[in-house]
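Descriptive analysis of the structure
This is what each chain is made of:
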Amino acid sequence: MCSLFPAADDPPSTSDDAEAYVRVAVERGVDRYPAGLLYGIPHGLDIHPGHRVKVPLGSQTSFVVGTVVERVSPEALDAEAIDPRKIRMVAERADDLPALPDELIRLALWISSYYVCPIGIVLGSMIPAAVRRGTGLTRQLLVSPKHPRPDPLPRLGAKQQAVLSALDDIAAEDFPVLAKTLTDRAGVTGRTVLKRLAELGLIELETTTTVEARARVGSGLTDRSVSLNTDQARAVESISSALQAGFSTHLLFGVTGSGKTEVYLRVVERVLDAGLTAMVLVPEIALTPQTTARFLTRFTNATAAVLHSGLTAAQRHAEWRRVAEGEANLVLGARSALFAPIPDDQLGLIVVDEEHDPSFKQDQAPRYHGRDAAIRRAQLAGCPIVLGSATPSLESWHNATVTERYRLHRLPERAPGLRLPKVTVVDFAEERRQPGTEGVRLIGPRLGQAISGTLAGGGQVMLLLNRRGYANYVGCPDHRCGWTMTCDHCDAGMICHQSSGEIRERWVRCHHCEAQLRLPSHCPLCKKRSVVFGLGTQRVEEELRRLHPDLVLDNALVRVDSDSLHSADDFTRVLDRFRSGEIRLLAGTQMIAKGLDFPGVRLVGVVNGDTSINLPDFRAAERTFQLVAQVVGRCGRGEASGEAVIQTLHPDAPAIRRAAEHDFEAFAGRELEDRSRFGLPPSRRLARIVVRESDEATTLGLAEELQRRLLPLIPSDRIEIRGPWPCAISRIAGRHRMQIEILAESGGELAKFLAEARSYGVFTGPLALGERVQIDVDPTSLM
């Protein structure tokens, strides 16, 4: 193998020019060579796997950056009949970053292979942009005396003598000393005098780099000393017994409020006591401060690093450096924290909390699943991994109960003193037909009474509606006309939004391409005045403000969604106010349904339990069950009992009925049977290829050409190709979308088929991977 396109005017490199050889993964979409391109290392350049380097590529006159994947011996070149004279040379190190650990490089190779993404793109995504750019980096000059000094001393000026005198007054254990500190003591300015003394051989100078910016951690929590119940103690002992036994995967299945976090804490404690590092992953940035606070209040002597995209650039750089330099023994964060550069052989445990959450799936290349990549990282590190959830993904449940690849630990009861909430399912259509309900809008009589009673009794309320905006339809009131407003660039409806000021302005926005327009006042077809209908969190907030004006006056009613919050810190401040009791009623989207623990919450209301149940996606029922069950579990975590009210138009839907009964196992059993009957994951593995183009006919032609390329590679009936057909949303941002689905009996067979497709050049030419053709292995959404 040789580097791509050697430039004609480059002087040829010979084997004598190179000290050794390396494979470099350039940060480009080069997909021909799975382990990177081959380059030579010039004499005197200290390069190891994991270092970032600058290399020539193609006919470009400038250099590109890549990561060294492995060293290659001259004997390997001979074995592959590679002519060393055709190999181009590494130019230089790209920066002074520590080398990526070998475990991370091997993880990158696996992600590249399994998720069908060029290795350079994968490795480039593992290092935060703030680290690559050196954001927040401070360079400091350090001074040490050089011994023995020449005798006699060379002729020195007054300033030079003053510096040497100041140097002699510093204790030996305080070296090296900052140059600024030394010159201040000597009463001189500038560094010229120091450079001259170094030239004379009297002092030694060295430069160090530091990043001074710490991530904000959660606050306001106190460590609760609790006694484990029988199920918790059994789980702790079983998982802990595996800490010294190498890799193993554990599914901690416990009802909401059963004390899963306490199990994590007890196992992590044993890892830290063994001198190893623990990694804890959560699905949402917003949950990181709460999780960090829980762990730091327990482990006051631990050195924690927090990694997620909500940090400032300087904070991300500082936290990453602390991990890379071995200063942190506890790493916490969202999906990207999986790539924390923990030194080899130091990782002792990985915890993935709320493992079912689709936020763990990356929606851009590389499209890895954080949970599954974490399992692979634990396997490479030879340590256990714990997946925790009250509503496990059906993939994890299948692996624990059908194939038994995971060890299952059950926590069937809430922690001592806590009870699961009483759940009422309200048939909203039937309720609105009852006499006296003509004015009912979004909050029905049953839910409205529960809200008023809870607030009167001093409790707190959480309301869920997983749909942001004010109304999800804009249209003509005349059904004979039938006009509804859709996005000019997408095959999707426009969503009405409303401002929160005294003057309520309305506009429409597409939630797929973010196009925004003024709300039209009239129907463009029949000229009747347009109306908005449907519901969103802004409309729920408006109705709550009308029903509870006292909360508005006290600023005790808050809406939580991506429109009202602009950063993770905003959400953290809202949660702190809710924890203190300052906020009495919290209404929002799925952001409030995950992992939050507030003892004051006595009522949870689901305004509409049907927002996802009818989506054209085979996971719709699973998502509905998880969302409803998770938000219901937010109440009843204090001394007072909890209550939940679910408004729905489908009261007999199995997902809603089983969620109300707190019966995950019954729901999962039936859903797995249905999936197996139709050959859907987890009984089989799925990859989805989406072809996008601005012209519909071109899109269809490319998709059909892709199908023609794939069909001859099918090895047996264990691989099935479906499609091409239009995606559920057939056009987004002006691009038509067609999809092909590939189903395989196992993950290994799917990976092998896709690897053969890459090696046979299926994804080349107009079908090259990128903006036009995208592959999603194990997709969590088919929209």
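Bear in mind the structure is a predicted one, so any value in this text is a computation, not a measurement.

1. Some words on the overall build of the protein chain
Of the regular secondary structure elements, the protein chain holds 23 helices and 30 strands. The globule rule puts the C-alpha radius of gyration for 783 residues at 28 Å, and the 30 Å found for the protein chain is close to it. Seen through its C-alpha atoms, the protein chain measures out along the principal axes to roughly 105 × 65 × 60 Å. With 783 residues in all, the protein chain has 53% of them scored as buried. Nonlocal contacts in the protein chain, meaning residues at least 24 apart in sequence, comprise 76% of its contacts between residues at least 6 apart. Accessible area of the protein chain: about 34,200 Å², with a carbon and sulfur share of 48%. Side chains of the protein chain give 94 positive and 97 negative charges; the mean places of these two sets differ by 4 Å.

2. Structural notes on the pairing of strand 20 (residues 506-509)
One face of the sheet, then the other: side chains in a regular strand alternate in exactly this way. Where strand 19 (residues 495-498) and strand 20 come together, 4 bridges link them in antiparallel fashion. Among the inter-strand pairings, Gln498 is bridged to a residue of strand 20, identified as Arg506. Bridge count for strand 20 against strand 21 (residues 516-518) is 3 bridges, and the pairing is antiparallel. By the bridge assignment, Trp507 is partnered in strand 21 with Arg518.

3. Notes on helix 10 (residues 288-298)
The buried fraction of helix 10 amounts to 8 of the 11 residues, a majority that puts the element mostly inside the structure. Of the positions making up helix 10, those classed as buried are Thr288, Pro289, Gln290, Thr291, Thr292, Ala293, Phe295 and Arg298. Its buried side turned inward, helix 10 meets helix 9 (260-273), strand 10 (277-281), strand 11 (304-307), strand 12 (330-333) and helix 18 (568-580).

4. Concerning the pattern of salt bridges
A full pass over the atoms with the stated rule returns 47 salt bridges. Between Asp776 and Lys361 there is a salt bridge whose closest N-O contact spans 2.5 Å. Residue Asp776 is found in strand 30 (residues 773-777), and its partner Lys361 is found in the loop between strand 13 (347-353) and helix 12 (370-381); the two are separated by 415 residues along the sequence. On the basis of relative accessible area, Asp776 is assigned to the buried category, the value being 16%. On the basis of relative accessibility, which here comes to 9%, the residue Lys361 falls in the buried class. Put simply, Arg718 and Glu749 hold a salt bridge, and the shortest N to O gap is 2.4 Å. Remark: Glu749 occurs in helix 23 (residues 747-759) and Arg718 occurs in the loop between helix 22 (696-710) and strand 28 (719-732); sequence separation between them is 31 residues. Residue class for Arg718 comes out partly exposed when judged on its relative accessible area of 38%. Through salt bridges with shared partners, a single ionic network connects Arg468, Arg509, Glu514 and Asp563.

5. So, the environment of Arg433
With respect to the helices and strands, Arg433 occurs in the loop between helix 14 (428-432) and helix 15 (445-456). Taking the C-alpha atoms as reference points, Arg433 and Gln538, 105 residues apart in sequence, are found 25 Å from one another.

6. Some points on unusual backbone geometry
With an omega of -5°, the peptide bond running from Phe175 to Pro176 counts as cis. Note that Pro176 resides in the loop between helix 5 (158-168) and strand 7 (177-178). For the peptide bond that leads from Ala365 to Pro366, omega is 0°, which places it in the cis range. Along the polypeptide, Pro366 turns up in the loop between strand 13 and helix 12. One non-glycine residue, Glu514, lies in the positive phi region at around 65°. Turning to its location among the elements, Glu514 is positioned in the loop between strand 20 and strand 21. The partly exposed category is assigned to Glu514, whose relative accessible area is 45%. Even without glycine at this site, Lys527 takes up a positive phi of about 70°.

7. Here's the deal with the sheet that holds strand 20
Spatially, 19-20-21 is the arrangement adopted by the 3 strands of the open sheet, whose pairing is antiparallel. A strand with exactly one partner marks an edge of an open sheet, and here the two such strands are strand 19 and strand 21. Averaged over all pairs of adjacent strands, the angle between strand axes in this sheet comes to 35°, irrespective of strand direction.

8. Some thoughts on the packing of aromatic side chains
Going through the model one piece at a time under the given rule, you end up with 12 aromatic pairs. Ring geometry for Tyr114 versus Tyr115: centroids 4.9 Å apart, planes at 90°, classification edge-to-face. Residue Tyr114 is classed as buried on the basis of its relative accessible area, which comes to 7%. By relative accessible area, Tyr115 is classed as buried at 1%. Taking the centre distance of 5.1 Å and the plane angle of 90° together, the rings of Trp397 and Phe664 count as edge-to-face.

9. Observations concerning the packing of helix 19 (residues 620-632) against helix 21 (residues 664-677)
Taken N-terminus to C-terminus, the directions of helix 19 and helix 21 make an angle of 170°; their axes are 11 Å apart at the nearest point. Comparing their axes, helix 21 and helix 19 come out roughly antiparallel. For the pair helix 19 and helix 21, contact is made by Ala621, Glu622 and Phe625 and by Phe664, Phe667, Glu671 and Arg675, respectively.

10. Some details on the sheet that holds strand 30
Spatial strand order, 28-29-27-30: 4 strands in an open sheet with antiparallel pairing. The open sheet has two free edges, formed respectively by strand 28 and strand 30, since each of these has just one partner strand. Each strand axis lies, on average, 20° off the axis of its neighbour in the sheet, ignoring direction.

Conventions we followed
Residues numbered from 1 in each chain as written. Predicted model: local features only at pLDDT ≥ 70, side-chain atom pairs only at ≥ 80, totals over all residues. Heavy atoms only, no water. Helix = DSSP H or I, 4+ residues; strand = E, 2+ residues; numbered from the N terminus. Rg over C-alpha atoms; globule rule 2.2 N^0.38 Å. Buried < 20%, exposed > 50% of the residue type's maximum accessible area, 1.4 Å probe, protein only. Contact = heavy atoms within 4.5 Å. Areas by Shrake-Rupley, 256 points an atom, 1.4 Å probe, with all protein chains shown as cover. Lys, Arg positive; Asp, Glu negative; His and termini not counted. Charge placed at Lys NZ, Arg CZ, Asp CG, Glu CD. Pairing = 2+ DSSP bridges. Salt bridge = Lys/Arg side-chain N within 4 Å of Asp/Glu carboxyl O. Axes fitted to C-alpha atoms, helices over the stretch in contact; angles between N-to-C directions. Phe/Tyr/Trp six-rings, centres within 6.5 Å; stacked < 30°, edge-to-face > 60°. Parallel < 35°, antiparallel > 145°, perpendicular 65-115°, else oblique.

The values are spatial; any link to function lies outside them.
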